[in-house]
Amino acid sequence: MKKVIKRIVLITVVLIVLLGAYVWYVFHTYYRLPDNLTLEVNRNGANTYFDEDFALKEGGDYLILTYNVGFGAYRKDFSFFMDGGKSSWAKDEESVLAGISSIGEIINNVNPDFVLLQEVDRDSTRSYHVDELDLLNQFVRGYYYDFAQNYDSPFLFFPPWQPHGASLSGLVTYSREEFKDTIRRSLPVSESFSKFLDLDRCYSISRIPTENEKQLCIYNIHMTAYGGSDEIRAGQLAMLYGDMEADYKRGNYVICGGDFNHNLKDNDQENAPEWAYPFPKETLPKGFHMAIDSANAQDISHNSCRNANEPYTEGQTYTVTLDGFIVSDNVEVNYYQNMDWGYEFSDHDPVLMQFILK
């Protein structure tokens, strides 16, 4: 009996030491990137569809697309553990390759002038270490692009049945025209334990000169979802609004797009889960409006995101519009569409907008 007790004590001590060592590892490897980082601008080859004399000019109309690619994991049969589902990783590497390749083909076929992507993994356990930016660049040819890292987590042994592992991920902004000024802004996030499960939230600003000596300022954002609070959400919006207002007051054109993790549709809160907060449109600064408010009802009847608490079932799974654009008043929305791909390649579907520089 004494030997049994000693073994139990020894095992308990070992487990406590291992747990303590892991907690130390998580706390000491956690970091946030500093604010106001300049982003590297690259160009991905050539594209025969592109007009080499392409330039942004007053009265010109342009296409922009935003798409949260869900790190290549969220196929229709995927449910995510942090949403109440089962999985932490994509089904397998082949599924990631096929999903991201299909998203690349969608972008290539739409052939927009600008593309905003979120949850693009570079080297993550959950997506089998596929460099999704490199894979996308095989389809999205000829664009200038920048990458803003918003996730670099230590190895997370949670959930126990399929540890999420380590993740390196971020936001990608593509443009036909070269960026002249790029920056990464660090959003305020929770300081509680939830920060270890959330992203290093940020937005990128990519500024492009126009022929009338102004700039088109493109913001790419992915706001807080898990563990958010009213204070955090308000702080993130206040910071974003401050930069947008400053750009607009300089006479520039401003478009902010991405995953706002807020319900962008008015009067669409029926049966909404707790996380589907309505976007506080009343807080938008003067000179800005939600682009979705200019859309025809039939063009936004499909929602841009589905709940990932279960595999997707049409007509049963909860859906909501989290993705879209905020534009300054000198940007006219000519066409706006929540594209319907049936959540085949991500838990989000892309949103497309045609705009005119006034």
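Caption draft 1: Examining the pairing of strand β9 (residues 253–259) more closely. With seven of seven residues buried, β9 lies mostly within the body of the structure. In this structure, strand β8 (residues 215–222) lies alongside β9, joined through seven bridges in parallel fashion. Bridge pairing in β9 places Asn220 opposite Gly257. By the bridge criterion, five bridges tie β9 to strand β13 (residues 323–328) in an arrangement that is antiparallel. From the neighbouring strand, Gly258 faces β13, where its bridge partner is Gly324.

Caption draft 2: Structural view of the sheet that holds strand β4 (residues 144–156). Taken together, seven strands build an open sheet; the order of strands is β1-β4-β5-β3-β2-β15-β14 and the sheet is mixed. Only two strands of the sheet have a single neighbouring strand rather than two, namely β1 (42–43) and β14 (331–338). Where β14 lies against strand β15 (residues 351–357), seven bridges are found, and the strand directions are antiparallel. The residue bridging Tyr335 from the neighbouring strand is Gln354, located in β15. Packed on one face of the sheet, helix α2 (residues 93–110) meets β2 (61–68), β3 (114–121) and β15 and runs near 170 degrees to β2.

Caption draft 3: Structural view of α2. In this model, α2 (18 residues) spans 26 Å end to end at C-alpha, consistent with the 26 Å of a helix rising 1.5 Å per residue. Three or more residues of α2 are buried, namely Ser95, Val96, Gly99, Ile100, Ser101, Ser102, Ile103, Gly104, Ile106 and Ile107. Where α2 is buried, its residues meet β2, β3 and α3 (132–136). Phi turns positive, to about 55 degrees, at Asn111, one or two residues after α2.

Caption draft 4: Geometry of the packing of aromatic side chains. One pass over the structure, following the stated rule, counts 19 aromatic pairs. An angle of 75 degrees between the planes, with centres 5.4 Å apart, marks the rings of Phe71 and Tyr74 as edge-to-face. A single burial state applies to Phe71 and to Tyr74, both of which are buried. Measuring from ring centre to ring centre gives 4.9 Å for Tyr312 and Tyr343, while their planes differ by 70 degrees; the resulting arrangement is edge-to-face. Taken together, the residues Tyr312 in the loop between β11 (305–306) and β12 (319–320) and Tyr343 in the loop between β14 and β15 connect sequence positions 31 residues apart. Per residue, the accessibility class of Tyr312 equals that of Tyr343, and both read buried. Ring-pair connections join several aromatic residues into one group, and the members of that group are Phe71, Tyr74, Phe78, Phe80, Phe81 and Phe158. A cation sits over an aromatic face here: Arg126 above Phe71, 3.9 Å from the ring centre. One residue, Arg233, lies across the ring of Tyr277, its end atom 3.6 Å from the ring centre.

Caption draft 5: Focus on the environment of Trp89. Counting through the fold element by element, Trp89 comes out in the loop between β2 and α2. You can call Trp89 partly exposed: its relative accessible area is 24%. Spatially, the C-alpha atom of Trp89 lies 24 Å from that of Val189, the residues being 100 residues apart in sequence. Leaving out residues up to four positions away in the same chain, Trp89 has contacts with Phe78, Thr125, Arg126, Tyr128, Gln162, Pro163 and His164. Of the polar contacts made by the side chain of Trp89, one reaches the backbone oxygen of Pro163; its length is 2.6 Å.

Caption draft 6: Fine view of the pattern of salt bridges. Going through the model one piece at a time under the given rule, you end up with 14 salt bridges. The closest approach of N and O atoms between Glu344 and Lys76, which form a salt bridge, is 3.8 Å. With a gap of 268 residues between them, Glu344 in the loop between β14 and β15 and Lys76 in the loop between β2 and α2 connect regions that are remote in the sequence. Classification of Glu344 as partly exposed rests on a relative accessible area of 31%. Given a relative accessible area of 32%, Lys76 falls into the partly exposed group. The shortest N-O distance in the salt bridge between Asp243 and Arg185 comes to 2.6 Å.

Caption draft 7: Representation of unusual backbone geometry within the structure. Non-glycine residue Asn36 carries a positive phi angle of around 60 degrees. When its relative accessible area of 44% is taken as the criterion, Asn36 is described as partly exposed. Here Tyr343, not a glycine, exhibits a phi torsion of approximately 55 degrees, which is positive.

Caption draft 8: Region of interest: the sheet that holds β9. Across the sheet, six strands lie side by side as β6-β7-β8-β9-β13-β10; this open sheet has mixed pairing. Because the sheet does not close on itself, it has two edges, and the strands there are β6 (181–186) and β10 (288–290). Strand-to-strand, the axes of this sheet are offset by a mean angle of 20 degrees, without reference to chain direction.

Caption draft 9: Up close: the nonpolar core. In terms of nonpolar packing, the biggest core is built from 47 residues, with Phe325, Tyr336, Met353 and Phe355 touching the most fellow members. Leaving out residues up to four positions away in the same chain, Phe355 has contacts with Gly60, Asp61, Tyr62, Leu63, Ile64, Phe114, Leu216, Ile255, Val331, Glu332 and Asn334. If you look at the next biggest cluster of nonpolar residues, it comprises 33 residues, including Phe81, Ile103, Leu117 and Tyr174.

Caption draft 10: Expanded view of a positive patch on the surface. The grouping of Lys2, Lys3, Lys6 and Arg7 at the surface amounts to a positive patch. One can find Lys6 in helix α1 (residues 2–29). Relative accessible area serves as the criterion here: at 62%, Lys6 is assigned to the exposed category.

Parameters and conventions
Residues numbered from 1 in each chain as written. Predicted model: local features only at pLDDT ≥ 70, side-chain atom pairs only at ≥ 80, totals over all residues. Heavy atoms only, no water. Buried < 20%, exposed > 50% of the residue type's maximum accessible area, 1.4 Å probe, protein only. Helix = DSSP H or I, 4+ residues; strand = E, 2+ residues; numbered from the N terminus. Pairing = 2+ DSSP bridges. Contact = heavy atoms within 4.5 Å. Axes fitted to C-alpha atoms, helices over the stretch in contact; angles between N-to-C directions. Expected span 1.5 Å × (residues − 1). Phe/Tyr/Trp six-rings, centres within 6.5 Å; stacked < 30°, edge-to-face > 60°. Lys NZ or Arg CZ within 6 Å of the ring centre and 35° of its normal. Polar contact = N/O pair within 3.5 Å; in protein donor to acceptor, adjacent residues only side chain to side chain. Salt bridge = Lys/Arg side-chain N within 4 Å of Asp/Glu carboxyl O. Core = buried A, V, L, I, M, F, W, Y, C linked by side-chain atoms within 4.5 Å. Patch = residues over 30% accessible without salt bridge, like charges linked within 9 Å, V, L, I, M, F, W, Y side chains within 5 Å. Areas by Shrake-Rupley, 256 points an atom, 1.4 Å probe, with all protein chains shown as cover. Lys, Arg positive; Asp, Glu negative; His and termini not counted. Charge placed at Lys NZ, Arg CZ, Asp CG, Glu CD.

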